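Spelled out, the chains give:
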Amino acid sequence: MSIATRDTNELVIRSRGMAKNFGSVKAVQNLDLDIERGKIYGFLGPNGCGKTTSIRMLTGLLTPSEGQVDVLGMRLPEQASKLRYHIGYMTQVFSMYRDLTVRENLSFVAKIYGIHGTAQSTRIDELLQLYNLEELANHFAGLMSGGQRQRLALAAAVLHKPQLLFLDEPTSAVDPESRRDFWEKLFDLSEAGTTILVSTHYMDEAERCHALAILEHGIKRADGSPQALMEEMNAHVVELQSDNNRQVKQALISHPEVISAAQLGTRLRVLVDKTIEQPDTWLQNQLPSEDYRSLKRVRPSLEDVFVTCTGKGQG
Ligand SMILES: Nc1ncnc2c1ncn2[C@@H]1O[C@H](COP(=O)(O)OP(=O)(O)OP(=O)(O)O)[C@@H](O)[C@H]1O
């Protein structure tokens, strides 16, 4: 059965056991994904965890070493050339021509997709307006700011109205305000039915996704909605205030039950293994009372989930 013919919770991307080896480097291992239509799905992980390699396999640009991959009902790599007309891909590195103007770049992309004449100029005018590029239409892409380039790259990626959009770390070179505006555009696209797969190493960005996978060393450590990941996290979070945080931290991380103790200004955010039923009482028993001024349980964040499932414990 073609997976694109289901009408409820239709899967746009389904992979089983997807893997890629580069010689002895296992860039992606045994990756299972189920991504539903219209959702914004995130790949969260540090540099080198396999985000780009996974995206390149899902776009059909790279052949997996192993596994079964279906995207928009097309089997990869066999149907990769057909898939290309139905997806948009915004690469990590700015890939527009720097010595062409904004309009010329968009016109070039339109021609690749066979959009000519009035259809082309109408669509380009629409995109210039939508992505706030009208006044920059005749500017050279190479002379624009990070935020402007990003808007141009997004306009180019959606020019042919793809059903599925891949964005590889799209906001790493832009300021917070441009990031916020960019995410507004992504929600507009999602609302209109476009499925978006976005990779990031920013926690706040991952938290905006409908669902995400946390990747480390090419392995999926966890997946689900940000809310579910936080609720199901394998640790309790306790914050304490102390006058000698450095020392208290050292004392705490010597306990195997303490997954991490991270200093945040004057606070220490401590992740305690879920097997400890009363983490606040347990911590009080481990520390002399003069070592802290206050100690309380707090709600987990996505960063806590990331630390817990990747073992990045001593941060
Ligand atoms: N063409 C290649 N040849 C050899 N090794 C590669 C190749 N492409 C990626 N790798 C290796 O595969 C691993 C995953 O890389 P990948 O680029 O997918 O990670 P990433 O999460 O996207 O990181 P970044 O954000 O830095 O791009 C890394 O160890 C990388 O060095």
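Residues numbered from 1 in each chain as written. Predicted model: local features only at pLDDT ≥ 70, side-chain atom pairs only at ≥ 80, totals over all residues.

Novice: Whenever I open this one, the nonpolar core confuses me. Can you help?
Specialist: Side chains of a nonpolar character, in soluble globular proteins, are inclined to be buried together. The biggest cluster of nonpolar side chains holds 81 residues, and the ones touching the most others in it are Leu106, Ala155, Phe166 and Val270. Among the elements that take part in this core, helix H5 (residues 146-158) stands out by supplying six residues, more than any other. With residues near it in sequence (within four places) discarded, Phe166 still touches Ile55, Leu58, Thr59, Ile87, Gly88, Tyr89, Met90 and Leu197. (Core = buried A, V, L, I, M, F, W, Y, C linked by C-beta atoms within 7 Å. Buried ≥ 20, exposed ≤ 12 C-beta atoms within 10 Å, placed from the backbone. Helix = DSSP H or I, 4+ residues; strand = E, 2+ residues; numbered from the N terminus. Contact = placed C-beta atoms within 7 Å.)

Novice: Where do I start with the sheet that holds strand S13 (residues 267-273) in this structure?
Specialist: Note on sheets: strands pair through backbone hydrogen bonds, and any given pair is parallel or antiparallel. Taken together, four strands build an open sheet; the order of strands is S12-S13-S11-S14 and the sheet is antiparallel. In this open sheet, the two edge strands, each paired with only one partner strand, are strand S12 (258-264) and strand S14 (294-297). On average, adjacent strands in this sheet sit at an angle of 20 degrees to one another, irrespective of strand direction. Pairing between strand S11 (residues 235-241) and S13: seven bridges, direction antiparallel. When the sheet's bridge partners are listed, Val238 is paired in S13 with Val270. Along the sheet, helix H10 (residues 279-286) makes contact with S11, S13 and S14, crossing S14 at roughly 150 degrees. (Pairing = 2+ DSSP bridges. Axes fitted to C-alpha atoms, helices over the stretch in contact; angles between N-to-C directions.)

Novice: So what exactly am I meant to see when it comes to the packing of helix H3 (residues 102-112) against helix H4 (residues 117-130) here?
Specialist: The geometry of a pair of packed helices is captured by two quantities: the angle between their axes and the separation between those axes. Closest axis-to-axis distance for the H3/H4 pair is 10 Å, and the angle between their directions is 130 degrees. If you check the angle between H3 and H4, you find them oblique. The crossing of H3 and H4 is right-handed. In this structure, H3 contributes Arg103, Leu106, Ser107 and Ala110 to the contact, and H4 contributes Gln120, Arg123, Ile124 and Leu127. Across the contact of H3 with H4, the residue classes tally to four nonpolar, two polar and two charged. (Parallel < 35°, antiparallel > 145°, perpendicular 65-115°, else oblique. Left-handed = near helix turned anticlockwise from the far one by under 90°. Nonpolar A, V, L, I, M, F, W, Y, C, P; charged D, E, K, R; others polar.)

Everything listed is a geometric property; what it means functionally is a separate question.
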